[in-house]
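Listed here are the chains, written in short residue letters.
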Amino acid sequence: MDVKNKRSLILLGHAQSGKTSLAESMLSLCKATTRKGAVADGTTVSDYSFDEITRKSSINASLLFCDCRDTRIQIVDAPGYADFLGEVLAGLRAADSAVIVVDATAGVEVGTERAWQMAEDAGLPSIIFINKTDKDGVDIARALSDIQNSLSKKAVIIADLSAPELVEVVAESDDALLEKYLNGTALSVEELTVSLRQAVIKRKIFPVLTGSAVTDKGVVEFLDAVLKYLPNPQERAKVTACNPLKPEENIEIVLSPESHFSAFVFKSISDPYVGHLTLLRVFSGSLLSNTAFYNVSKQLKERIGHIYLLQGKEQRQVDLASCGDIVAIAKLKDTVTSDSLADEKHPVSFQPLAFPEPAISASVHPKSRNDEDKIANALHKLAAEDLTFKVTHDQQTKELIVSGLGDLHLAIMVERMKKRFNVEVDLGTPKVSYKETITKKARVQGKFKRQSGGRGQYGDVWIEIEPLERSKGFEFLDKVFGGAIPRNFIPSAEKGIRQACAEGAVAGYPIVDVRVTLVDGSYHDVDSSDMAFQIAGAMALRKAVAEAGPVLLEPVMDVEVVLPEEFLGAISGDINSRRGHMIGMDVMGKSQIVKAQVPASEMFTYANDLRSITGGRGSYTMRFSHYAEAPHKIAQTIISQYLASKKHEEEHAHAEHH
Ligand SMILES: Nc1nc2c(ncn2[C@@H]2O[C@H](COP(=O)(O)OP(=O)(O)O)[C@@H](O)[C@H]2O)c(=O)[nH]1
Ligand SMILES: [Mg+2]
């Protein structure tokens, strides 16, 4: 296929606006499918996985293609929910342009604005499709003015413009043309056509199309617009990479099938429908099946078998992938998402994918005890496939913790574990990672002395403890004078002190932001030992903390909530009730952005609560900000829980001993 006859687009927009249905309509009109499917029946090419079929909603970015006259259109159908933002970010790296789908009855929604912003950040030329115009009471003019007010004044329904109006819109985006026009020279149709196309490619004009994905109305005109206005892979926004040997040196990729091969791995899939597939976008040159490529990121050559074009879960074998193609390769061993592939003699390294930090986490509890190994294996496989999903092991609580972009995201992962790996788990509320610290100075003695028949144990230290500034960690000073403790036992005392710090003194959390000074002590010629001084140090530390006004520190999160204005009051009240405080507000189109700081322990159910307060129209992100002193009442609760669990543990150990 000639590179001029290739288009690639990513379908973006609010959840439920009709992206998947539009893709289905395109495929059916281009005869890529024999029978048009429907989201409601779970029969679309794009939403093929069990979780998409049961939820009637996209979760994964799917790849589709159709041939429209002599042009091949490659489609990335992206999910609309913020929980699956990772899929959108990946898809944006594969496509040359974006189609923003707007529900005519709802107008511009939170997800529409987010989609618009992401397409803009990626520099992708965009077409807007106002969908669901078959519905009763649809007001296209109102939807359009909403788009013009919230997204861009340069969004226009080209078909509705009269000839002089069109001239003005186009001339405004092209200085040379404008001058000609103002001088009164007539502009030819060819001039206008070329200039209009360039304006769309440069994001100066955004064509708006209208129609219905369900009845196919307007979709032929939409396909025409894709061919007419959207860039081919050579006309797309320029692509830069860097020289892997000199990362500061930028290289502009020559977007041509004749130049050296370069490609970027934007996604990997391993599911029961397609097996293990690596998805790549070829930016330049070409790659033949049954050859090899050079993986710049891993610095190795990897052999490949077949190359496939994907039509949802179906794979069509092709002989080669060249400039502009979005293809899949099966069973790669070393190549993973975000890797750069290139000609070995002309290596280039693309910017890796950058994903948002996980916003929520939960502990994982197996429903059956025998499943523990299977669970760890399943979670690690899911995390390798979805880089916004993270699995960690909490050293302190000994719990397996999963983190993701929202509770829907975590719920989907639990479903996948069951369906794909046949293991069932419950998600719990993880313990917050508290820390302990002190509020004043103290000076104490730690003395360990055992005398039992033969050789005894003797260690004796005096320490001073004082608070340090937040996030200064731990400092140890040795000010022992005149050999009160032999030099070789000082590291022993320090080791005991550090160990006790890691274990905590009041609630089992690490002690931070303290300075401990070893000031004095005594020893015994025969009975003193490394072990005795370690124990003495630990005893001293625990005693010192207890006397130095211990407090608990809790993690505080930076939270950003995007929501329609009418919910502002409810949201700020809710943030107050979570011991949070507002730190600012911003406006994004029709939405408000609320910035606040809230203790992590108060945020566990936030995804659900926000959804119910805003009827699903709000979204939020959150990331760690700092540690702050937890209020006394909360600290008291945590300390008594800790003491109770410790008591329980001791009784348990005692019982086992007998
Ligand atoms: N009446 C009508 N309903 C539509 C249209 N397009 C999509 N829908 C319905 O809207 C819902 C969401 O569609 P879907 O394609 O899954 O939206 P997506 O989340 O943006 O992919 C489904 O129930 C579709 O049947 C349309 O043009 N007209
Ligand atoms: Mg969808």
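Refer to the structure presented above.
Residues numbered from 1 in each chain as written. Chains lettered and ligands numbered in written order. Predicted model: local features only at pLDDT ≥ 70, side-chain atom pairs only at ≥ 80, totals over all residues. Heavy atoms only, no water.

Asker: I tried to follow the overall build of the chain on my own but got confused; where do I start?
Answerer: Across its full length, the chain carries 16 helices and 32 strands. Each principal axis of the C-alpha atoms in the chain carries an extent, and together these give about 110 × 60 × 55 Å. Per-residue burial over the chain gives 53% buried out of 658 residues. Within the chain, contacts between residues at least 6 apart in sequence are counted, and of these 74% link residues at least 24 apart. With 76 positive and 88 negative side-chain charges, the chain shows a spacing of 3 Å between the two charge centroids. (Helix = DSSP H or I, 4+ residues; strand = E, 2+ residues; numbered from the N terminus. Buried < 20%, exposed > 50% of the residue type's maximum accessible area, 1.4 Å probe, protein only. Contact = heavy atoms within 4.5 Å. Lys, Arg positive; Asp, Glu negative; His and termini not counted. Charge placed at Lys NZ, Arg CZ, Asp CG, Glu CD.)

Asker: Just checking my understanding: could you explain the coordination of the magnesium ion (ligand 2) for this structure?
Answerer: Expected angles at a metal are 109.5 degrees for tetrahedral coordination by four donors and either 90 or 180 degrees for octahedral coordination by six donors. Summarising the metal site, the magnesium ion (ligand 2) is bound by the protein donors Thr20 (OG1) and Ser58 (OG), whose distances to it range over 2.0 to 2.1 Å. Within this pair, whereas Thr20 is found in helix 1 (residues 19-29), its partner Ser58 is found in the loop between helix 2 (50-55) and strand 2 (62-68), the two being separated by 38 residues in sequence. By relative accessible area, which is 7% here, Thr20 ends up buried. The exposure class of Ser58 is buried, given its relative accessible area of 7%. (Donors = N, O, S within 2.8 Å, 3.2 Å for Na, K, Ca; no water.)

Asker: Whenever I open this one, the sheet that holds strand 20 (residues 360-366) confuses me. Can you help?
Answerer: The pairing of strands in a sheet happens through backbone hydrogen bonds and is either parallel or antiparallel. Pairing is antiparallel in the open sheet, where four strands are placed in the order 21-22-20-23. Each end of this open sheet is capped by a strand with a single partner; those strands are strand 21 (390-393) and strand 23 (425-428). Across the sheet, the axes of successive neighbouring strands diverge by a mean angle of 35°, strand direction being ignored. Running over the sheet, helix 10 (residues 372-385) touches strand 20, strand 21, strand 22 (400-404) and strand 23 and is turned about 150° from strand 20. (Pairing = 2+ DSSP bridges. Axes fitted to C-alpha atoms, helices over the stretch in contact; angles between N-to-C directions.)

Asker: Explain the pairing of strand 13 (residues 292-295) to me, please; I cannot follow it from the model alone.
Answerer: Sheet analysis places strand 13 next to strand 14 (residues 300-303), joined by four bridges and oriented antiparallel. In the strand pairing of strand 14, Asn295 is matched with Leu300. Between strand 13 and strand 14, which follow one another and run antiparallel, lie four residues, and Gln299 among them has a positive phi close to 55°. The sheet contact formed by strand 13 and strand 19 (residues 340-342) spans two bridges and is antiparallel. Across the sheet, residue Tyr294 finds its bridge partner in strand 19, namely Ala342.

Asker: Would you explain empty space enclosed by the protein in this entry?
Answerer: Where empty space is left in the structure can be found by rolling a water-sized probe over the atoms. Applying the stated criterion across every chain, the model contains seven cavities of 30 Å³ or more. When its volume is computed, the largest cavity comes out at roughly 130 Å³. In terms of lining, the largest cavity is formed by 16 residues, of which the most central are Ile59, Asn60, Glu87, Asp386 and Arg416. Contributions of two or more residues to the lining of the largest cavity are made by helix 3 (85-92), strand 10 (262-271) and helix 11 (407-421). For the lining of the largest cavity, the leading source of residues is helix 11, giving four residues. (1 Å grid on protein atoms, 1.4 Å probe; cavity = no way out; pocket = protein on both sides within 12 Å on 5 of 7 lines; lining within 4 Å. Points joined across faces, edges and corners; volume = space filled by probe spheres on them.)

Asker: Just checking my understanding: could you explain the nonpolar core for this structure?
Answerer: Nonpolar side chains in soluble globular proteins generally cluster together in the buried interior. Counting residues in each nonpolar core, the largest one holds 55 residues, and the members touching the most others are Ile10, Leu12, Ile100 and Ile128. Filtering out sequence-adjacent residues up to four positions away, Leu12 remains in contact with Lys19, Ala78, Val88, Leu92, Ala98, Val99, Ile100, Val101, Ala115 and Ala119. The next biggest cluster of nonpolar side chains, apart from the first, holds 46 residues, and it includes Leu400, Leu410, Phe421 and Ala600. (Core = buried A, V, L, I, M, F, W, Y, C linked by side-chain atoms within 4.5 Å.)

Asker: Any chance you could explain the sheet that holds strand 27 (residues 474-478) here in plain terms?
Answerer: Read across the sheet, four strands follow the order 25-26-28-27 without closing on themselves; strand pairing throughout is mixed. Pairing within the sheet leaves two strands with one partner each, and these edge strands are strand 25 (442-450) and strand 27. If you compare each strand with its neighbour and ignore which way they point, the axes differ by 25° on average. The pairing of strand 27 with strand 28 (residues 514-522) spans five bridges and is parallel. Within strand 28, the residue paired with Asp478 across the bridge is Leu518. On top of the sheet, helix 12 (residues 490-503) reaches strand 26 (457-467), strand 27 and strand 28; it is set at about 160° to strand 27, its chief contact. Packing of helix 13 (residues 530-547) onto the sheet brings it into contact with strand 25, strand 26 and strand 28, and relative to strand 26 it is tilted by some 35°.

Asker: Would you mind showing me how to read the state of the cysteines here?
Answerer: Simply put, disulfide is the name for a covalent bond between the sulfur atoms of two cysteines. In total, this model carries zero disulfides according to the counting rule given. For the unlinked cysteine Cys66, the closest cysteine sulfur is that of Cys30, found at 3.8 Å. Residue Cys66 is classed as buried on the basis of its relative accessible area, which comes to 0%. (Disulfide = S-S within 2.5 Å.)

Asker: Honestly, the packing of helix 3 against helix 4 (residues 110-121) in this entry has me stumped. Any pointers?
Answerer: Angle between the axes and distance between the axes are the two parameters that describe a pair of packed helices. Put simply, helix 3 and helix 4 touch, their axes get as near as 11 Å, and they point 30° apart. Between helix 3 and helix 4 the crossing geometry is right-handed. On helix 4, the residues touching Leu85, Val88, Leu89 and Leu92 of helix 3 are Arg114, Met118 and Ala119. By residue class, the composition of the contact of helix 3 with helix 4 is six nonpolar, no polar and one charged. (Left-handed = near helix turned anticlockwise from the far one by under 90°. Nonpolar A, V, L, I, M, F, W, Y, C, P; charged D, E, K, R; others polar.)

Asker: In this structure, what is going on with the site of ligand 1? I would like to understand it.
Answerer: Close contacts around ligand 1 come from 16 residues, with Gln16, Gly18, Lys19, Ser21 and Asp134 the closest. Between Gln16 and ligand 1, the recorded distance is 2.7 Å, taken from a backbone N or O atom to an oxygen atom. Contacts to ligand 1 include Ser212, whose side-chain N or O atom sits 3.1 Å from an oxygen atom. In the complex, 84% of the free accessible area of ligand 1, which totals 570 Å², lies under the protein chains. Of the residues in the shell around ligand 1, the class split is four nonpolar, eight polar and four charged. (Near = heavy atom within 4 Å. Polar contact = N/O pair within 3.5 Å; in protein donor to acceptor, adjacent residues only side chain to side chain. Areas by Shrake-Rupley, 256 points an atom, 1.4 Å probe, with all protein chains shown as cover.)

Asker: I tried to follow the side chain of Glu385 on my own but got confused; where do I start?
Answerer: Following the sequence through the fold, Glu385 ends up in helix 10. The residues contacting Glu385, other than those within four sequence positions of it, are Ser268, Ile269, Ser270 and Arg420.

Asker: What exactly am I supposed to notice about the side chain of Ser152 here?
Answerer: Looking at the secondary structure, you find Ser152 in the loop between helix 5 (140-150) and strand 6 (155-156). Judged by relative accessible area, Ser152 falls into the buried class, the value being 11%.

Asker: What is the right way to look at the pattern of salt bridges in this model?
Answerer: Side chains that differ in charge, positive against negative, can pair when their charged atoms come close. Under the definition given, this model contains 33 salt bridges. Lys180 is the salt-bridge partner of Glu191, the closest N and O atoms lying 2.3 Å from each other. Placement of the pair is Glu191 in helix 8 (residues 189-201) and Lys180 in helix 7 (residues 175-182), with a sequence separation of 11 residues. Exposure remark for Glu191: the relative accessible area of 25% places this residue in the partly exposed category. Linking Asp574 and Arg578 is a salt bridge whose minimum nitrogen-to-oxygen distance equals 2.8 Å. Of the residues examined, Asp574 reaches a relative accessible area of 14% and is grouped as buried. A residue is classified by how much of its surface remains accessible, and Arg578, at 7% relative accessible area, is buried. (Salt bridge = Lys/Arg side-chain N within 4 Å of Asp/Glu carboxyl O.)

Asker: Would you take a moment to explain helix 1 for this structure?
Answerer: An α-helical segment advances 3.6 residues per turn. Residues three or four places apart therefore align on the same side. Counting buried residues along helix 1, 10 of its 11 residues qualify, which places the element largely inside the surrounding structure. All buried positions along helix 1 are accounted for by Lys19, Thr20, Ser21, Leu22, Ala23, Glu24, Ser25, Met26, Leu27 and Ser28. After helix 1 finishes, the residue Lys31 shows a positive phi value of roughly 60°.

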